[in-house]
Amino acid sequence: MLEKALSGSKLYWTWLICLLVVIGAGFGAYLVQYNKGLMITGMSRDVSWGFYIAQFTFLVGVAASAVMLVLPYYLHHYKTFGRITILGEFLAIAAVIMCILFITVDLGKPSRILNVMLHPTPNSILFWDMIVLNGYLIINLVAGWVTLEAERKQLAPPGWIKPIIYLSIPWAVSIHTVTAFLYAGLPGRGFWLTAIMAPRFLASAFAAGPAVLILLGYLVKKLTRFDAGREAFETLAKIVCYAIILHIFFFLLEVFTVAYSAIPSHTSHLKYLYFGLHGHNNLVPWVWTALACGFTAIVLLVNPRTRKNPTILPFACVLVFICTWIDKGMAMISGGFVPNPLHEVTEYSPTGLELMITIGVYAAGALVLTILYKVALGVKAEEEAV
Amino acid sequence: MGVDRRQFLKLAGIAGALGLGGSVGFQLLKPGSLDAAERMPTPYQMVFPKSQGNSEVMPNPKALKGRRWGMVIDMRKLTEEKARAAIQACNYYHNVPDIPGKQTIKWIWLTGYVNAFPEVENPFADPEIKNARFIAMCNHCDNPPCVRVCPTKATFQREDGIVMMDMHRCIGCRFCMAGCPYGSRSFNFRDPRPFIKKEYPLYPTRTKGVVEKCTFCSERLAVGKLPYCAEASGGAMVFGDVDDAGSELRRLLRSRYSIRRKPNLGTHPQVYYLV
Ligand code: SF4
Ligand code: SF4
């Protein structure tokens, strides 16, 4: 089936070449980092994780959100999602690949990455994260490919694939739960020490992932003749709507607990993010933008007239994306590290090289996604032509 | 201790053959050794027993042995001068680089009272304490979160409580830095060697990309010597066995009131501050 990726329009090839150029630039930046060490990043002794780990956290959510298509389709036989489930699964594959790349570029000694497997350490959440991420990648590759292959041959998918697809449902939940546990179980980091970290992550994931999928759906509709169908978009939009409401609700729960208990080691992080601490306020405009986007998106998505409007819906999806991306891709990590355990404030902002590497990884993800979508849409087009 | 390792293994073998398994056999061979343990293992230690440190192929007969090492810092004795001497000794003998800025490396350093003890802030505390500069270092916690989170066992705890770093195992994920609630760890964001003013040839330097921290001078203990900081501090820092009720360290802890950093987190720090 892969040969479908080898023929395409001029636009397709230009896009691929652009991505390759960006990947190349990112790789060049990575070589600099590889030689000089992580000193080229904005990270520090106090903020020891930065943009890479933040993007990883965000993208785990995008990957996990495929379950929002798989579950209704396979568990509830919701036929409307039949045409786009594969797009969700392939988005998950691209997202997991980006996650693994982000973890790799974040390591101080990437050449020793196999130590995680050579010295398995079940008490480290990172060990489990590696297992669930790789497992999820394999599950989605197998499930996506086999069902697509069957579709091409106009056959029913083989029976053995069913249990794997069902397995992918709890597995998707597990990848984001385990990722939340990376943060949630650490003593002395008040911002992360909350039991609703995992549900919060899942809520924002189920908002961000389907929002991205809606946007991709529109894009695909523009570029090819493939249309997921109005009903599929509408259902997805409802999912985004509920999820973004939950996301904001969970955030408010955190605010209540932290503010009402007024324990300084917990309040100081929120203070830093939303009002600034001791004159340090890099993130303040960002987090308020995120909140504003979130609330606006809720208004647009709750109201059926705006939600069903094909020009307003993508706009709302962009707002959801901005809201969740700032929340996880920026504030979640810095907010946990600032102030540091000694109540000192060291701020973090990524450097140019760090951003280039980040963009390079995103471009690699886009490349994988483009190729997978090309194959999937090629098969769908073939099938419809018959 | 009356029984050496060889003898002990032999006796253990016999005891095993006689079916005296587990703690019963142990009790018979080393009476009282179990009751002597004053502290209960934490739940974490019960589930994940200590990773074994130094394989004692050829133990130095002079090596200092302790059941659980700890440090007492006497804030009445610790002048700024003594503190600096201790810090300097540690930095020099461990080739700790002097990197300016926020990507610096710190094994042992001076910090304010509110920074070392953020949650015991008291606006009316004795100004002498409030304005004092405290020594911060790795606490060699009894229940160390840094060990718990490390995915490669590059951070591990020895039987005698010392939390060690295996620089050749570390992948530089910096999870331990997120896990340590005391900011005791540093990451080599760059090659540290150009930042070592004068290299001490008997201690290894590190490479970029690994995490490092205070090791309670395990290399000194192995040859029967006290940690550099304890030696250089003019008696303000006392190193000893916290499990030995007869030790100087325990005498000090009985005689004065002591505090530990963030005791509420359950990490059981083994650095005690006499205030
Ligand atoms: S002080 Fe920090 S680095 Fe040292 S043992 Fe405790 S948790 Fe680990
Ligand atoms: S940075 Fe090194 S020591 Fe720290 S958790 Fe990772 S592998 Fe372990």
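Residues numbered from 1 in each chain as written. Chains lettered and ligands numbered in written order. Predicted model: local features only at pLDDT ≥ 70, side-chain atom pairs only at ≥ 80, totals over all residues. Heavy atoms only, no water.

Attention shifts here to the overall build of chain B. Summing up its helical and strand segments, chain B has 11 helices and 10 strands in all. Counting across all 275 residues of chain B, residues that qualify as buried make up 52%. Across chain B, every contact between residues at least 6 apart in sequence was considered, and the portion connecting residues at least 24 apart equals 65%. As displayed, chain B has an accessible area near 13,300 Å², and 57% of this comes from carbon and sulfur atoms. (Helix = DSSP H or I, 4+ residues; strand = E, 2+ residues; numbered from the N terminus. Buried < 20%, exposed > 50% of the residue type's maximum accessible area, 1.4 Å probe, protein only. Contact = heavy atoms within 4.5 Å. Areas by Shrake-Rupley, 256 points an atom, 1.4 Å probe, with all protein chains shown as cover.)

Residue and element names in this part refer to chain A. In this model, helix α11 (residues 284-302) (19 residues) spans 27 Å end to end at C-alpha, consistent with the 27 Å of a helix rising 1.5 Å per residue. The set of residues buried in α11 consists of Val 284, Val 287, Ala 290, Leu 291, Cys 293, Gly 294, Ala 297, Ile 298, Leu 300 and Leu 301. Packed against the buried residues of α11 are α9 (230-261), α10 (264-274), α12 (304-307) and α13 (312-337). (Expected span 1.5 Å × (residues − 1).)

A word on the site of ligand 2. Taken together, 14 residues lie around ligand 2, and Cys 150, Cys 170, Cys 173, Arg 174 and Cys 176 of chain B are the ones closest in. Along the lines of polarity and charge, the residues of the shell around ligand 2 split into 10 nonpolar, 3 polar and 1 charged. (Near = heavy atom within 4 Å. Nonpolar A, V, L, I, M, F, W, Y, C, P; charged D, E, K, R; others polar.)

What follows is about a nonpolar patch on the surface. Residues and elements named next belong to chain A. On the surface, Leu 6, Trp 13, Ile 17 and Val 21 cluster together into a nonpolar patch covering about 420 Å² of accessible area. With respect to the helices and strands, the residue Val 21 is situated in helix α1 (residues 10-36). Taking relative accessible area as the criterion, Val 21 reaches 56% and is therefore assigned exposed. (Patch = residues over 30% accessible without salt bridge, like charges linked within 9 Å, V, L, I, M, F, W, Y side chains within 5 Å. Salt bridge = Lys/Arg side-chain N within 4 Å of Asp/Glu carboxyl O.)

Our next topic: the nonpolar core. Counting 158 residues, the largest nonpolar core has Trp 192 and Tyr 373 of chain A as the members making the most contacts within it. If we skip the residues at most four places from it in the chain, Trp 192 of chain A touches Trp 49, Tyr 183, Ala 184, Leu 186, Met 197, Met 332, Ile 333, Gly 336 and Phe 337 of chain A together with Ala 178 of chain B. Within the second largest apolar cluster, 43 residues are counted, among which are Ala 83, Ala 132, Met 137 and Ala 230 of chain B. (Core = buried A, V, L, I, M, F, W, Y, C linked by side-chain atoms within 4.5 Å.)

Bringing the sheet that holds strand β8 (residues 237-241) of chain B into the picture now. Residue and element names in this part refer to chain B. On the basis of which strands lie adjacent, the open sheet formed by 4 strands has the order β8-β1-β10-β9 and mixed pairing. The open sheet has two free edges, formed respectively by β8 and β9 (258-259), since each of these has just one partner strand. Bridge count between strand β1 (residues 69-74) and strand β10 (residues 271-274): 4 bridges; the pairing is parallel. For Val 72, the partnering residue across the bridge sits in β10 and is Tyr 272. Along the sheet, helix α11 (residues 248-255) contacts β1, β8, β9 and β10; its crossing angle with β8, the most-contacted strand, is approximately 115 degrees. (Pairing = 2+ DSSP bridges. Axes fitted to C-alpha atoms, helices over the stretch in contact; angles between N-to-C directions.)

For ligand 1, the set of nearby residues contains 14 residues, the closest of which are Cys 138, Asn 139, Cys 141, Cys 146 and Cys 180 of chain B. Its residues assigned to classes, the shell around ligand 1 shows 9 nonpolar, 3 polar and 2 charged.

All right, on to the interface of chain A and chain B then. Taken together, the contact between chain A and chain B spans 42 residues of the former and 47 residues of the latter. Both sides of the chain A and chain B interface together cover about 3,700 Å² of buried area, and 55% of this is carbon and sulfur. Together, Arg 45, Asn 123 and Leu 342 of chain A form the three largest contributors to the area buried by chain A at its contact with chain B, with a combined 22%. Where chain A touches chain B, the interface holds 1 salt bridge. Residue Asp 106 of chain A is joined to Arg 174 of chain B by a salt bridge in which the shortest nitrogen-to-oxygen separation is 2.6 Å. Our count for the contact surface shared by chain A and chain B stands at 34 residue pairs in polar contact (both at pLDDT 80 or more). (Buried area = accessible area lost by both parts, 1.4 Å probe. Polar contact = N/O pair within 3.5 Å; in protein donor to acceptor, adjacent residues only side chain to side chain.)

Residue and element names in this part refer to chain B. Across the 5 residues that make up strand β2 (residues 108-112), a large majority, 5, are buried. On β2, burial covers both faces: Ile 108, Leu 110 and Gly 112 on one face and Trp 109 and Thr 111 on the other are all buried. Bridge count between β2 and strand β3 (residues 133-137): 5 bridges; the pairing is antiparallel. Within β3, the residue paired with Gly 112 across the bridge is Arg 133.

Scanning all chains against the criterion turns up 33 aromatic pairs over all chains. On the basis of an interplanar angle of 90 degrees and a centroid distance of 5.4 Å, the ring pair of Tyr 274 of chain A and Trp 288 of chain A is categorised as edge-to-face. Of this pair, Tyr 274 of chain A sits in helix α10 while Trp 288 of chain A sits in helix α11; the two residues are 14 residues apart in sequence, bridging distant segments of the chain. Classification of Tyr 274 of chain A by relative accessible area gives buried; the value is 10%. Measuring from ring centre to ring centre gives 5.1 Å for Phe 216 of chain B and Phe 239 of chain B, while their planes differ by 90 degrees; the resulting arrangement is edge-to-face. Of this pair, Phe 216 of chain B sits in the loop between β7 (211-212) and α9 (218-221) while Phe 239 of chain B sits in strand β8, and the two are 23 residues apart along the sequence. In this structure Phe 216 of chain B comes out as buried when scored by relative accessible area, which is 2%. By relative accessible area, Phe 239 of chain B is classed as buried at 9%. (Phe/Tyr/Trp six-rings, centres within 6.5 Å; stacked < 30°, edge-to-face > 60°.)

Glancing now at the pattern of salt bridges. Applying the stated rule across the entire model yields 19 salt bridges over all chains. The salt bridge partner of Glu 151 of chain A is Lys 380 of chain A, with a shortest N-O separation of 3.1 Å. With a gap of 229 residues between them, Glu 151 of chain A in helix α6 (residues 125-152) and Lys 380 of chain A in helix α14 (residues 352-385) connect regions that are remote in the sequence. Among the ionic pairs, Arg 68 of chain B bridges to Asp 142 of chain B, the shortest N-O distance being 1.8 Å. With a gap of 74 residues between them, Arg 68 of chain B in the loop between α3 (43-47) and β1 and Asp 142 of chain B in the loop between β3 and α7 (145-149) connect regions that are remote in the sequence. Note on Arg 68 of chain B: relative accessible area 9%, which makes it buried.

All names here are of chain B. On average, residues of chain B carry a pLDDT of 84, and 79% of them reach 70 or more. Counting interchain partners and residues more than four positions distant, the pLDDT-below-50 stretch residues 51-56 has 8 contacts. This prediction of the complex comes with two scores: 0.89 for pTM and 0.92 for ipTM. (pLDDT = per-residue confidence, 0-100.)

Residues and elements named next belong to chain A. Here α13 spans 37 Å end to end across 26 residues, near enough to the 38 Å set by a 1.5 Å rise per residue. Along α13, the sharpest change in direction is near 45 degrees and occurs at Ala 331. Counting buried residues in α13 gives 21 out of 26 residues, a clear majority hidden from the surface. (Bend = angle between axes of the 7 residues up to and from the residue.)

All names here are of chain A. Positionally, Ser 268 belongs in helix α10. With a relative accessible area of 7%, Ser 268 lands in the buried category. Beyond its immediate chain neighbours, meaning those up to four positions away, Ser 268 contacts Leu 277, Pro 339 and His 343.

All names here are of chain A. Looking at where Leu 137 falls in the secondary structure, it is placed in helix α6. For Leu 137, a relative accessible area of 15% corresponds to the buried category. Leu 137 sits 45 residues away from Ala 92 along the chain, and the two C-alpha atoms are 7.8 Å apart. Once residues lying within four places of it in the same chain are set aside, the contact partners of Leu 137 are Ile 93, Val 96, Ile 97 and Ile 100.

This part takes up the side chain of Lys 262 of chain B. Following the sequence through the fold, Lys 262 of chain B ends up in the loop between β9 and β10. Although Lys 262 of chain B is buried, it forms no salt bridge, and the closest oppositely charged side chain is Glu 119 of chain B at an N-O distance of 4.9 Å. Of the polar contacts made by the side chain of Lys 262 of chain B, one reaches the backbone oxygen of Pro 341 of chain A; its length is 2.9 Å. In contact with Lys 262 of chain B, not counting residues within four places along its chain, are Pro 341 of chain A together with Pro 118, Glu 119, Pro 181 and Tyr 182 of chain B. (Lys, Arg positive; Asp, Glu negative; His and termini not counted.)

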